[in-house]
Amino acid sequence: MQAIDARLLRGAAVPTAVAGAIAVVLCTVLVGSKGLIGALLGSVIVLAFFSVTIIVISKVAQKQPEMLLGYAMLTYLGKVVFLALLMIVFKHTTLFHFRSFGFTMLGLTLVWLAAETRAVLKTKIFYADPSAIPDSLKPVAPARPESTAESEPSPLGGR
């Protein structure tokens, strides 16, 4: 993983984990042990989903940058399918409080997106690799003319 991707991951994961801890405590106080399990499960899912996306995209960007969009869409599709399966499997569960689970996931998703946006805006990411530009395409500084009588201003204000 490149350093810039690790910085983005850290910039989004840390605030989300803090918000997840707050959600777990809040749901435990308001709902009880079922709220604790729901909020904890929701926190783990959000952190895992978004972290996997950054890790996969980072690996693909290093090896096959032309496939970046395709892999991003595949990770998104995989997350949607997996989340739909979770919702179907846990539809009638009494293992945890379903609203604690759902609201924790919604809140942490918003926190992750805001934190990741902030991390991207703070990080200066090149859209082109400056070292990859061939010398023939690099801009050349214009030559400065030697000091001549024509280039020097006259004391009368004209040339």
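Everything numeric here is computed off the predicted structure, so don't read it as measured data. (Residues numbered from 1 in each chain as written. Predicted model: local features only at pLDDT ≥ 70, side-chain atom pairs only at ≥ 80, totals over all residues. Heavy atoms only, no water.)

### Let's talk about the overall build of the chain
Along the chain, the regular secondary structure elements total 4 helices and 0 strands. The linear arrangement of helices and strands in the chain, starting from the amino end, is α-α-α-α. Buried residues in the chain amount to 24% of all 159 residues. Here the analysis covers contacts within the chain between residues at least 6 apart in sequence; of these, 73% occur between residues at least 24 apart. When the accessible surface of the chain is summed, it comes to about 11500 Å², and 70% of that surface belongs to carbon and sulfur atoms. (Helix = DSSP H or I, 4+ residues; strand = E, 2+ residues; numbered from the N terminus. Buried < 20%, exposed > 50% of the residue type's maximum accessible area, 1.4 Å probe, protein only. Contact = heavy atoms within 4.5 Å. Areas by Shrake-Rupley, 256 points an atom, 1.4 Å probe, with all protein chains shown as cover.)

### Re helix α1 (residues 3-31)
In this model, α1 (29 residues) spans 41 Å end to end at C-alpha, consistent with the 42 Å of a helix rising 1.5 Å per residue. For α1, the set of buried residues is Asp5, Leu8, Leu9, Ala12, Ala13, Thr16, Ala19, Gly20, Ala23, Val24 and Cys27. Looking at the buried residues of α1, the elements they touch are α2 (33-63) and α4 (98-122). In the stretch just after α1, Gly32 is the one whose phi turns positive, near 110°. (Expected span 1.5 Å × (residues − 1).)

### Some details on the nonpolar core
Membership of the largest hydrophobic core comes to 16 residues, with the highest contact counts inside it found for Ile45, Val46, Phe101, Met105 and Trp112. Those elements giving two or more residues to this core turn out to be α1, α2 and α4. The residues contacting Trp112, other than those within four sequence positions of it, are Leu9, Ala12, Ala13, Thr16, Leu47, Phe50, Ser51 and Ile54. (Core = buried A, V, L, I, M, F, W, Y, C linked by side-chain atoms within 4.5 Å.)

### Topic: the packing of aromatic side chains
A complete count under the given rule lists 6 aromatic pairs for this structure. Aromatic side chains Phe49 and Phe82 sit 5.6 Å apart centroid to centroid with 55° between the ring planes, which places their arrangement in the tilted category. Taken together, the residues span a long stretch of sequence, with Phe49 in helix α2 and Phe82 in helix α3 (residues 68-89) at a distance of 33 residues. Take Phe49: its relative accessible area is 16%, and that puts it in the buried class. Ring centres 5.3 Å apart and planes at 20° place the aromatic pair Phe50 and Trp112 in the stacked group. Residue Phe50 is found in helix α2, and its partner Trp112 is found in helix α4; the two are separated by 62 residues along the sequence. Among the aromatic side chains, those forming a connected cluster through ring pairs are Phe90, Phe96, Phe98 and Phe101. (Phe/Tyr/Trp six-rings, centres within 6.5 Å; stacked < 30°, edge-to-face > 60°.)

### Details of α3
A rise of 1.5 Å per residue sets the reference length of α3, with its 22 residues, at 32 Å; its end C-alpha atoms lie 31 Å apart and thus fit the reference within 8%. Considered for burial, the residues of α3 that qualify are Thr75, Lys79 and Leu86. Along the long axis of α3, the arc covered by the buried residues comes to 35°, so they all point the same way. Turned more than 90 degrees off the buried face of α3, the exposed positions are Leu69, Met73, Leu74 and Ile88. Where α3 is buried, its residues meet α2. (Arc of directions from axis to C-beta.)

### Overview of the packing of α2 against α3
Any two packed helices are characterised by how steeply their axes cross, that is the angle between the axes, and by the distance between the axes. One can describe the packing of α2 onto α3 by two numbers: an axis separation of 9 Å at closest approach and a directional angle of 160°. Relative to α3, α2 is oriented roughly antiparallel. The handedness of the crossing between α2 and α3 comes out as right-handed. Together, Ile45, Phe49, Phe50, Thr53, Val56, Ile57, Val60 and Ala61 of α2 and Leu68, Tyr71, Ala72, Thr75, Lys79, Phe82, Leu83 and Leu86 of α3 make up the contact between the two elements. Looking at side-chain class alone, the contact of α2 with α3 contains 13 nonpolar, 2 polar and 1 charged residues. (Axes fitted to C-alpha atoms, helices over the stretch in contact; angles between N-to-C directions. Parallel < 35°, antiparallel > 145°, perpendicular 65-115°, else oblique. Left-handed = near helix turned anticlockwise from the far one by under 90°. Nonpolar A, V, L, I, M, F, W, Y, C, P; charged D, E, K, R; others polar.)

### Notes on a nonpolar patch on the surface
Together, Met67, Tyr71, Leu74, Leu77, Val81, Leu85 and Ile88 make up a nonpolar patch on the protein surface, roughly 670 Å² of accessible area in all. The topology assignment puts Met67 in the loop between α2 and α3. For Met67, a relative accessible area of 38% puts it in the partly exposed group. (Patch = residues over 30% accessible without salt bridge, like charges linked within 9 Å, V, L, I, M, F, W, Y side chains within 5 Å. Salt bridge = Lys/Arg side-chain N within 4 Å of Asp/Glu carboxyl O.)

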